[in-house]
Protein chains: 4
Amino acid sequence: MIIVMSQNATKEQIENVEKALTDLGFKTHPIVGDVKTVIGAIGDKRHLNTNYISTMPGVENIVPIMKPYKLAGKELQKNPTIVQVGDVKIGGTEVVVMAGPCAIENLETYLETAEKVKQAGAKILRGGAFKPRTSPYAFQGLEEDGLKIMAAARETTGLKLVTEVVDTRDVELVASYTDIIQIGARNMQNFRLLKEVGMYQKPVLLKRGVAATIEEWLMAAEYIISEGNPNVILCERGIRTYETATRNTIDMSAIPVIKELSHLPIILDPSHAAGTWKYVNALSKGAIATGADGLIIEVHSSPDAALCDGPQSLLPSKFEQLMKELAPVAEAVGRTL
Amino acid sequence: MIIVMSQNATKEQIENVEKALTDLGFKTHPIVGDVKTVIGAIGDKRHLNTNYISTMPGVENIVPIMKPYKLAGKELQKNPTIVQVGDVKIGGTEVVVMAGPCAIENLETYLETAEKVKQAGAKILRGGAFKPRTSPYAFQGLEEDGLKIMAAARETTGLKLVTEVVDTRDVELVASYTDIIQIGARNMQNFRLLKEVGMYQKPVLLKRGVAATIEEWLMAAEYIISEGNPNVILCERGIRTYETATRNTIDMSAIPVIKELSHLPIILDPSHAAGTWKYVNALSKGAIATGADGLIIEVHSSPDAALCDGPQSLLPSKFEQLMKELAPVAEAVGRTL
Amino acid sequence: MIIVMSQNATKEQIENVEKALTDLGFKTHPIVGDVKTVIGAIGDKRHLNTNYISTMPGVENIVPIMKPYKLAGKELQKNPTIVQVGDVKIGGTEVVVMAGPCAIENLETYLETAEKVKQAGAKILRGGAFKPRTSPYAFQGLEEDGLKIMAAARETTGLKLVTEVVDTRDVELVASYTDIIQIGARNMQNFRLLKEVGMYQKPVLLKRGVAATIEEWLMAAEYIISEGNPNVILCERGIRTYETATRNTIDMSAIPVIKELSHLPIILDPSHAAGTWKYVNALSKGAIATGADGLIIEVHSSPDAALCDGPQSLLPSKFEQLMKELAPVAEAVGRTL
Amino acid sequence: MIIVMSQNATKEQIENVEKALTDLGFKTHPIVGDVKTVIGAIGDKRHLNTNYISTMPGVENIVPIMKPYKLAGKELQKNPTIVQVGDVKIGGTEVVVMAGPCAIENLETYLETAEKVKQAGAKILRGGAFKPRTSPYAFQGLEEDGLKIMAAARETTGLKLVTEVVDTRDVELVASYTDIIQIGARNMQNFRLLKEVGMYQKPVLLKRGVAATIEEWLMAAEYIISEGNPNVILCERGIRTYETATRNTIDMSAIPVIKELSHLPIILDPSHAAGTWKYVNALSKGAIATGADGLIIEVHSSPDAALCDGPQSLLPSKFEQLMKELAPVAEAVGRTL
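Quick notes on the rules
- Residues numbered from 1 in each chain as written.
- Chains lettered and ligands numbered in written order.
- Predicted model: local features only at pLDDT ≥ 70, side-chain atom pairs only at ≥ 80, totals over all residues.
- Helix = DSSP H or I, 4+ residues; strand = E, 2+ residues; numbered from the N terminus.
- Buried ≥ 20, exposed ≤ 12 C-beta atoms within 10 Å, placed from the backbone.
- Contact = placed C-beta atoms within 7 Å.
- Nonpolar A, V, L, I, M, F, W, Y, C, P; charged D, E, K, R; others polar.
- Expected span 1.5 Å × (residues − 1).
- Arc of directions from axis to C-beta.
- pLDDT = per-residue confidence, 0-100.
- Least-squares fit on C-alpha atoms with pLDDT ≥ 70 in both.
- Core = buried A, V, L, I, M, F, W, Y, C linked by C-beta atoms within 7 Å.
- Pairing = 2+ DSSP bridges.
- Axes fitted to C-alpha atoms, helices over the stretch in contact; angles between N-to-C directions.
- Parallel < 35°, antiparallel > 145°, perpendicular 65-115°, else oblique.
- Domains from an automatic or database assignment.
- Left-handed = near helix turned anticlockwise from the far one by under 90°.

Chemist: Which residues make up the overall build of chain A, and what values go with them?
Modeler: A count of helical and extended segments in chain A gives ten helices and 14 strands. Expressed as lengths along the three principal axes of its C-alpha atoms, the size of chain A is roughly 75 × 45 × 40 Å. Within chain A, buried positions represent 60% of all 337 residues. Considering only residue pairs separated by 6 or more positions, chain A has 65% of its internal contacts joining residues 24 or more positions apart.

This is how it looks when you write it as structure tokens:
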């Protein structure tokens, strides 16, 4: 890291900082400029607490040179991670589409939607049994009964399952039913929950927090991987900005940025980002062309009766149409659907 | 609520929407404008799922008229809530200052800081036993040992305690030690945790999420209150914006906005907002003059040895100076310190 | 518009608001709810100053129903506008690519780049003669000499020209040289400049301000169109968010949103959004698949000698490669390149 | 500056960067770390174009060490600038209040408001003759007739004047009438306009752009000062964030940040930040306690008839009350009003 000393730093202050760095095990290289002095500190001390250096007299600021994540980045692993979910590979040549309703409401409706998304070409079935809702008065999910319905739909359709867990106390239960455990945007920095899912080998779909930087997102992945679970799939779902024309602003640049910084696969959730089904088609095509490894899309056979997020759900017929339009886009960028 | 029909909505579409509203129990009042029709829907249906209306053909958008929160707002309670923590009243005439280190490191240092913040006039002692940290490699807190140190400091100084809980599994334990349970910014929408602390009568310090709207913040309070715990203290701690000169941007306007919308007390955390001790003095004075009911400030007897957030901690001497400067500001706005 | 009265509004206050509305020429429809009263005000009064209504006693807030723009929206024109620049059509089936360096430095380099972008398939040549720079010490452009170089390059290559104007005093001059007048992001709300370019019939490339809402952007277009110039091309170039991994966050959703709200064509500027050439390829493909009508891309034959924005400029060879990769993407969404 | 080489940079790439830096006149100091090499480049080259270095093969990024501004920062001037407007001093011990309506509508109303703000203790009279309005259909100001009315009010009351200029072509005219020239938020990066007002010695009130960083704001001041006009007063007026409870989010931290980085005085505009008069009182007191050198407040004798920004204007009686409440706050922080 680089320590920038303020313009008025005294010789003694500079020496004190050098001494403190040496005590921590760094080798130091002071560079005396015309106006300011900076001190290069050599050594990989990501596990050390070095931030007190910034409080020492005469220090203006500290510039980290190393990325704070190790396992989620490309330093130790250059090749892309391919997360295997049964026979489905996420992060390979094939673009993988996950689809289904926001919340599970009953077996019949769920099976109907499941059959239709399968026919259209989805490989993974989504559905919420534990729902984090902004209002305490909104439908909170069917909990284990919902998981049972999901399992039944897997039985019938052969689709793999992805569902969210929102409480450390439920991880074991959810893991026993699902094929992919989802960590929602609101829990991206629920570090206890991250550690808990890190203790399983089940793939984890890690949604980006609505105001998380890409670095914080990769640090959240680092929590999971450092507990022993390397099967992390990143999911961009829109970030919070001042623009209100869409519910959130989808950060399409996150795709090439993640591809540069990390070996983990990244998929997009256009439904939550847009907040309305109307933009899902355009954004899905854009995501694939930009390089996403997959999509997760809300589909509901009767959005007007959905207990959650109806406005952003596609009708099965519109989803089928989307899948048809996606195929040539995937092909245009050298991938299959 | 008001349903705005699109310019091209047909007569039949308008009738369908009216029928759907009637079926939900609303009384409807269509207003036929020169360009568009809007439908007024009368009835308090905050507990109903009405968002599917927005997916009906011809609907442009829905404008809610009622606030989504009830218990946290002023509809049912006009008078300010005063949260009683032993003999300390939060939300009354007195401005209450909470102070102490970010994390508890050991008994000796903690007691030293505790004594000093008491002498300077703090009424409540802060300290972290369970720390949510961005990096899995950073110090995560002493857990129950930390709580025991806090209890010892309460014994010695008579100060009340505030500390954070980060896992539903720890709520009972934390509640058994602390006087105020803190919900951190990253957990503001950890709804399970909110429900759990709502089952106790212990006061809850609810920090605003770093990208939460004021409405979402009040909805988080609603979660706690609706479980039966009315003792919620709101805490503004800076929001995420594009500006990088401070770690977060303190939203000072949140003080008068909360005073207008809610009966709950609101305090400020200038230390986390600024991310550096250098701005804590100015922002603390500003917060009191703007109308805050209190402050929570990081103080550490040796910030350079702090295992967490050293850069933003005040030395006890600077905290003492701040308390002296705050007194006349409090007085200038008709309050005591 | 809808006037929402506060819960405590008196009967007299409601009547006063109704009277004020009637005086302004509105027809009023009060709706008395269980908790609040709302008043529907019928009539298109976009040209009237009605905001004082919101200051009247008892008024909680005002909800506009009509869009504030008329000419830029779809109310009066449903079909897409196709902006004709000589024989190039922007907004039709063909995706139009504009390319060239940020600033014009000298004839030789500029011609070299111009020839190469032409060979690769660009239809319009960009280049800056008047540069808005954050620092007063940075290169500010060659001014009229730069325009002359551009004209020479048009002569040689047959490409059409787009260049920025930054001062009302230069509009006539710039218009006399260029084929498309660019309004940069920093001047999107320089209303005098908007009016000035509205007085010509030259096509205007209107970049979105770095923190402008889509509504404000369309209002800026309204300024130009209302002066008599309907030839507006919108250009999304990234918005300011908290994320620092890219210079700005490209708002890809703006494409389907604009297609829904407006008849104007929209193109994307991935170079300025990303701030680095590394992400330009991915974002360009994404933009076309999402539905953009074109792209504007920085290309420089020797980015390392560029006086402006070198880091985000593509080498001609990389631009050629990009154009080859864009063609199948355009085709996949039913367009040509 | 510091050049960070990527982990895979070759020896040759590192040497090439060193050579390029030497050619530009820097002295270089490479620091070879365990993982990466960084190169310190010594020399103050703020006037040089160095950004192409970042495009050289093997370069990961560049970390500037020097601030990009010189004249607006504290490097060359440590003592606070006190801007003298006749006998009014801005930036000294006295807190200076500027007040008046958003737009000038007619002589009678304007004089009435002017007299009242004077009686309440304002020292400077605000008023808009050239108004930048989001909508082309909104009142755009009385232009020179407005300036004449302002001059008449100065004659009568003895108050100094502040008014905005929005076009380079009007600077001479506006400067001939007013005592302080205002650059509005939308024109903070209208560099031509900044240069133009830099050619006069009239004090300039430079509002922060709604999405400008503090660094960009100081660079805008640098434009003015570098043309020869050192009399710059900074004005914080709220920044654009995701929060919609207020029109903009007032960045109160900007006060201590500016006091640390610059010698220029800073005032606050709570009226535009909040967008409603209801929060102006609280925010004004907060601003003074935080350390602002002054305030600019909208006051209108009949807000309900205002042609602009009525909702955020205080009635003269409320302004008088505010001034009374501000006095003890100013005193509490060692200042006078």
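Chemist: Could you give an account of the interface of chain C and chain B, with specific residues and numbers?
Modeler: With 21 residues of chain C in contact, the opposing surface of chain B contributes 21 residues. For the side of chain C that touches chain B, the secondary-structure elements that each account for two or more residues are strand S1 (2-5), strand S2 (27-32) and strand S3 (37-42) of chain C. Ranked by residue count, the leading element in the side of chain C that touches chain B is S3 of chain C, at three residues. When its residues are assigned to classes, the side of chain C that touches chain B shows ten nonpolar, six polar and five charged.

Chemist: Requested: an account of helix H1 (residues 11-23) of chain D, with residues and values cited.
Modeler: Residues and elements named next belong to chain D. For H1, spanning 13 residues, the distance from its first C-alpha to its last is 18 Å, which sits close to the expected 18 Å at 1.5 Å a residue. Among the residues of H1, Ile14, Val17 and Leu21 are the ones counted as buried. The buried residues of H1 all sit within an arc of 60° when viewed along its axis, so they share a single face. Every exposed residue of H1 that faces more than 90 degrees away from the buried side is listed here: Lys11, Glu12, Glu15, Lys19, Thr22 and Asp23.

Chemist: Could you give an account of the confidence of the model for chain A, with specific residues and numbers?
Modeler: Averaged over every residue, the pLDDT of chain A is 93; residues scoring 70 or more account for 97%. The complex model carries a pTM of 0.95, and its ipTM stands at 0.94.

Chemist: Which residues make up helix H5 (residues 191-198) of chain B, and what values go with them?
Modeler: Residues and elements named next belong to chain B. Among the eight residues that make up H5, seven are buried, leaving the element largely enclosed by the rest of the structure. Within the sequence span of H5, burial applies to Phe191, Arg192, Leu193, Leu194, Glu196, Val197 and Gly198. Turning to H5, the residues buried within the fold contact helix H4 (171-177), strand S10 (180-183), strand S11 (204-207) and helix H6 (214-226).

Chemist: Break down the relation of the copies chain C and chain B for me, with residues and values.
Modeler: When chain C is fitted to chain B, the best match, at an RMSD of 0.0 Å, comes from turning it 180° and sliding it 0.0 Å along the axis. The two molecules are tied by a two-fold rotation axis, judged by turn and shift. Closest approach to the rotation axis within chain C is made by the C-alpha atom of Tyr242 of chain C, at a distance of 2.1 Å. The overlap is high: 100% of the interface residues of chain C also sit at the interface in chain B, so the same surface is used on both sides.

Chemist: Quick one: what's the story with the relation of the copies chain A and chain C, residue by residue and with numbers?
Modeler: Screw-axis analysis of chain A against chain C gives a translation of 0.0 Å along the axis, an RMSD of 0.0 Å, and a rotation angle of 180°. Take the interface residues of chain A: 97% of them recur as interface residues in chain C, which is what a same-surface contact looks like.

Chemist: If you had to explain the interface of chain A and chain C to someone new, which residues and values would you point to?
Modeler: In this assembly, 35 residues from chain A lie in contact with 34 residues from chain C. Only helix H7 (254-261), helix H9 (280-290) and helix H10 (316-332) of chain A provide two or more residues apiece to the side of chain A that touches chain C. Considering every element that reaches the side of chain A that touches chain C, the biggest residue donor is H9 of chain A, with seven residues. Residue classes in the side of chain A that touches chain C are distributed as 20 nonpolar, nine polar and six charged.

Chemist: Explain the nonpolar core to me, using residue names and the numbers behind them.
Modeler: Nonpolar side chains in soluble globular proteins generally cluster together in the buried interior. In terms of nonpolar packing, the biggest core is built from 441 residues, with Leu206 of chain A, Leu206 of chain B, Leu206 of chain C together with Leu206 of chain D touching the most fellow members. Met5 and Ala41 of chain A together with Ile14 and Tyr52 of chain D belong to the second-largest nonpolar core, a separate cluster that totals 34 residues.

Chemist: Lay out the sheet that holds strand S14 (residues 294-298) of chain A with the relevant residues and their values.
Modeler: Within the closed barrel, the eight strands sit side by side as S7-S8-S9-S10-S11-S12-S13-S14 (chain A). Their pairing is parallel. Pairwise comparison of adjacent strand axes, ignoring direction, gives a mean angle of 25° for this sheet.

Chemist: Explain the packing of H10 of chain A against helix H10 (residues 316-332) of chain C to me, and be specific about the residues and the numbers.
Modeler: The description of two packed helices rests on the angle between their axes and on the distance between the axes. It is the contact of H10 of chain A with H10 of chain C, at a shortest axis distance of 8 Å, that shows an interaxial angle of 175°. Taken together, the axes of H10 of chain A and H10 of chain C lie roughly antiparallel to each other. Facing H10 of chain A, whose interface residues are Pro328, Val329, Glu331 and Ala332 of chain A, H10 of chain C presents Pro328, Val329 and Ala332 of chain C. For the contact of H10 of chain A with H10 of chain C, the residue count by class is six nonpolar, no polar and one charged.

Chemist: Break down the domain arrangement of chain A for me, citing the residues and quoting the values.
Modeler: In terms of domain boundaries, chain A breaks down into domain 1 (2-63) and domain 2 (83-332). Taking only C-alpha atoms into account, the centre of domain 1 of chain A sits 44 Å from that of domain 2 of chain A.

Chemist: I'd like a description of the environment of Ile233 of chain B, backed by residues and values.
Modeler: Residues and elements named next belong to chain B. Among the structural elements, Ile233 can be located in strand S12 (residues 232-236). Linking Ile233 and Ile82, residues 151 residues apart in sequence, is a C-alpha distance of 9.1 Å. Ignoring anything within four residues of it in the chain, the contact list for Ile233 reads Val83, Ile90, Pro203, Val204, Leu205, Leu206, Leu264, Pro265 and Ile267.

Chemist: Quick one: what's the story with the sheet that holds strand S7 (residues 96-100) of chain D, residue by residue and with numbers?
Modeler: Residues and elements named next belong to chain D. Pairing is parallel around the closed barrel formed by eight strands, whose spatial order is S7-S8-S9-S10-S11-S12-S13-S14. In this sheet, adjacent strand axes meet at a mean angle of 25° when their direction is disregarded. Pairing of strand S9 (residues 160-164) with strand S10 (residues 180-183) involves three bridges; the strand directions are parallel. Bridged to Thr163 within S10 is Ile181.

Chemist: How would you explain the environment of Val204 of chain B if you had to name every residue and give the values?
Modeler: All names here are of chain B. Here Val204 lies in strand S11. Separated by 25 residues in the primary sequence, Val204 and Asp179 place their C-alpha atoms 8.9 Å from one another. In contact with Val204, other than residues within four places in its own chain, are Ile181, Ile183, Val197, Ile224, Asn229, Asn231, Val232 and Ile233.

Chemist: How would you sum up unusual backbone geometry? Please name residues and give values.
Modeler: Not every positive phi belongs to a glycine, and Glu143 of chain C is a case in point at roughly 55°. For Glu143 of chain C, a count of 15 C-beta atoms within 10 Å translates into the label partly exposed.

Chemist: Give me the lowdown on the packing of helix H5 (residues 191-198) of chain C against helix H6 (residues 214-226) of chain C, citing residues and values where you can.
Modeler: Residue and element names in this part refer to chain C. Taken N-terminus to C-terminus, the directions of H5 and H6 make an angle of 40°; their axes are 7 Å apart at the nearest point. By the angle between their axes, H5 is oblique relative to H6. Crossing hand, H5 versus H6: right-handed. Across the interface between the two elements, Phe191, Leu194, Lys195, Val197 and Gly198 of H5 pack against Ala220, Tyr223, Ile224 and Ser226 of H6. For the contact of H5 with H6, the class distribution of residues is six nonpolar, two polar and one charged.

Chemist: Describe the environment of Asp145 of chain C, with residues and values.
Modeler: Residue and element names in this part refer to chain C. Considering the arrangement of structural elements, one finds Asp145 in helix H3 (residues 144-157). When the 13 C-beta atoms within 10 Å are taken as the criterion, Asp145 is described as partly exposed. Taking the C-alpha atoms as reference points, Asp145 and Glu15, separated by 130 residues in sequence, lie 65 Å from one another.

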